[in-house]
Amino acid sequence: MSALRIVFMGSPEFALPTLRELAAHYNVVGVVTQPDRPAGRGQKLTPPPVKVLAQSLGLPVIQPEKLRQPEAMAQLQAWQPDLIVVAAFGQILRQNVLDLPTFGCLNVHASLLPRWRGAAPIQAALLHGDKETGVTIMKMDAGVDTGPILSQRREPIREDDNAATLSQRLAELGAQLLIETLPEYLAGHITPQPQDESLATYAPLLKKEDGRLDWHLPAEALVRKVRAFTPWPGAFIEFRGLPLKVLRAHVEVTESLHPGQRGMLNGFPAVGTASGILVLDEVQPAGKRPMSGSDFLRGARDWESGET
């Protein structure tokens, strides 16, 4: 299998362990990732993490805006892949790409398919209070995460997990599972199993506005949202006309504040919800560093004078 030619497609941090393991065990002939994008307060053009790793490994990289661009397809054909491996790439693969490699295209997906197909499976699992999630190695078809399953591995969701910590574990787990699965798959010893469509759920792409906290929801649901949306798109409220990110929060079971009313509990900022109080343990005011809720209150004497 040393002569096997693999093309890797991926973009964010989640994809790094998979690329690293593939490059250590197989012949990766090329990498496809998203174009450089403006990022940070200065909106400086920033390469995706996969590009940085690929270059450090000495692998050729292309960054097409769309895979359907003729020059992108020409490069894929020139690489003559026997297998394409995808991990959080961010683009749909059309049939002409799916048909290109002899062994097809495999996807490392961060959920136990068919649960949480789509762009944000880690956030969806946290948001809906799932007790466990996992990774799936899937043979891709023309649908969105609808292809047959080669292997899966489960992972419990911890009470203190947010999207960042859970993503890190699943990224490593997915890379390990892929490397374990590939020899059996390439030898023809694995029969891909169709997904049960009756169990399918969908995790859509998230937008910045999705992070706004709605005080007509119970505090428990808002804590799940804070965990699911940290670090991105970020859970937030408005204070003094500016967004205030909520990085960590917990529930106090009391009805002393009505929904949206700001208050203080044990020296920390708190807000009433439909059921219980949301206590803001860690926040990040606009343009400032993350800080504890108690430190935030020292510079926000007017916190208790209004609603959010």
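Higher on the page you've got the structure.
Since this is a predicted model, take the numbers as computed values, not measurements.

**A few points about the sheet that holds strand β1 (residues 5-10)**
- Read across the sheet, 7 strands follow the order β5-β2-β1-β6-β7-β9-β10 without closing on themselves; strand pairing throughout is mixed. Lying at the two open borders of the sheet, with one neighbouring strand each, are β5 (61-62) and β10 (149-156).
- With 2 bridges connecting them, strand β2 (residues 27-32) and β5 associate as parallel partners. Considered in β5, the bridge of valine 32 is made with isoleucine 62.
- Its contacts with the sheet put helix α1 (residues 16-25) on β1, β2, β6 (83-87) and β7 (105-109), and the angle it makes with β1 is roughly 170°.

**Section: the nonpolar core**
- Counting residues in each nonpolar core, the largest one holds 47 residues, and the members touching the most others are Phe8 and Leu22.
- Considering each element in turn, this core owes the most residues, 11 residues, to helix α6 (residues 163-186).
- Apart from the residues within four sequence positions on either side, phenylalanine 8 is in contact with Ala15, Thr18, Leu19, Leu22, Gly30, Val31, Val32, Val50, Val85 and Ala87.
- Val7, Ile62, Leu76 and Val86 belong to the second largest nonpolar core, which has 20 residues in total.

**Some details on the pattern of salt bridges**
- Scanning the entire structure with this criterion turns up 14 salt bridges.
- Notably, a salt bridge pairs glutamate 65 with arginine 37, separated by 3.0 Å at the nearest N-O pair. A residue pair is termed long-range when its members are at least 10 positions apart, and glutamate 65 in the loop between β5 and α3 (70-79) and arginine 37 in strand β3 (residues 37-39) qualify at 28 residues.
- Judged by its relative accessible area of 39%, glutamate 65 is partly exposed.

**Concerning the packing of aromatic side chains**
- In this structure the tally under the stated criterion is 4 aromatic pairs.
- Relative to phenylalanine 296, the ring of phenylalanine 239 has its centre 5.6 Å away and its plane inclined at 70°; by these criteria the two rings are edge-to-face. Of this pair, phenylalanine 239 sits in strand β12 (residues 235-239) while phenylalanine 296 sits in helix α8 (residues 293-298), placing them 57 residues apart in sequence.
- A relative accessible area of 6% places phenylalanine 296 in the buried class.
- Where phenylalanine 239 meets tryptophan 303, the ring centres are 5.3 Å apart and the plane angle is 55°; that geometry is what we call tilted. Pair noted here: phenylalanine 239 is in strand β12 and tryptophan 303 is in the segment after α8, with a separation of 64 residues, a long-range link.
- The exposure class of phenylalanine 239 is buried, given its relative accessible area of 6%.

Calculation rules
Residues numbered from 1 in each chain as written. Predicted model: local features only at pLDDT ≥ 70, side-chain atom pairs only at ≥ 80, totals over all residues. Heavy atoms only, no water. Pairing = 2+ DSSP bridges. Helix = DSSP H or I, 4+ residues; strand = E, 2+ residues; numbered from the N terminus. Contact = heavy atoms within 4.5 Å. Axes fitted to C-alpha atoms, helices over the stretch in contact; angles between N-to-C directions. Core = buried A, V, L, I, M, F, W, Y, C linked by side-chain atoms within 4.5 Å. Buried < 20%, exposed > 50% of the residue type's maximum accessible area, 1.4 Å probe, protein only. Salt bridge = Lys/Arg side-chain N within 4 Å of Asp/Glu carboxyl O. Phe/Tyr/Trp six-rings, centres within 6.5 Å; stacked < 30°, edge-to-face > 60°.

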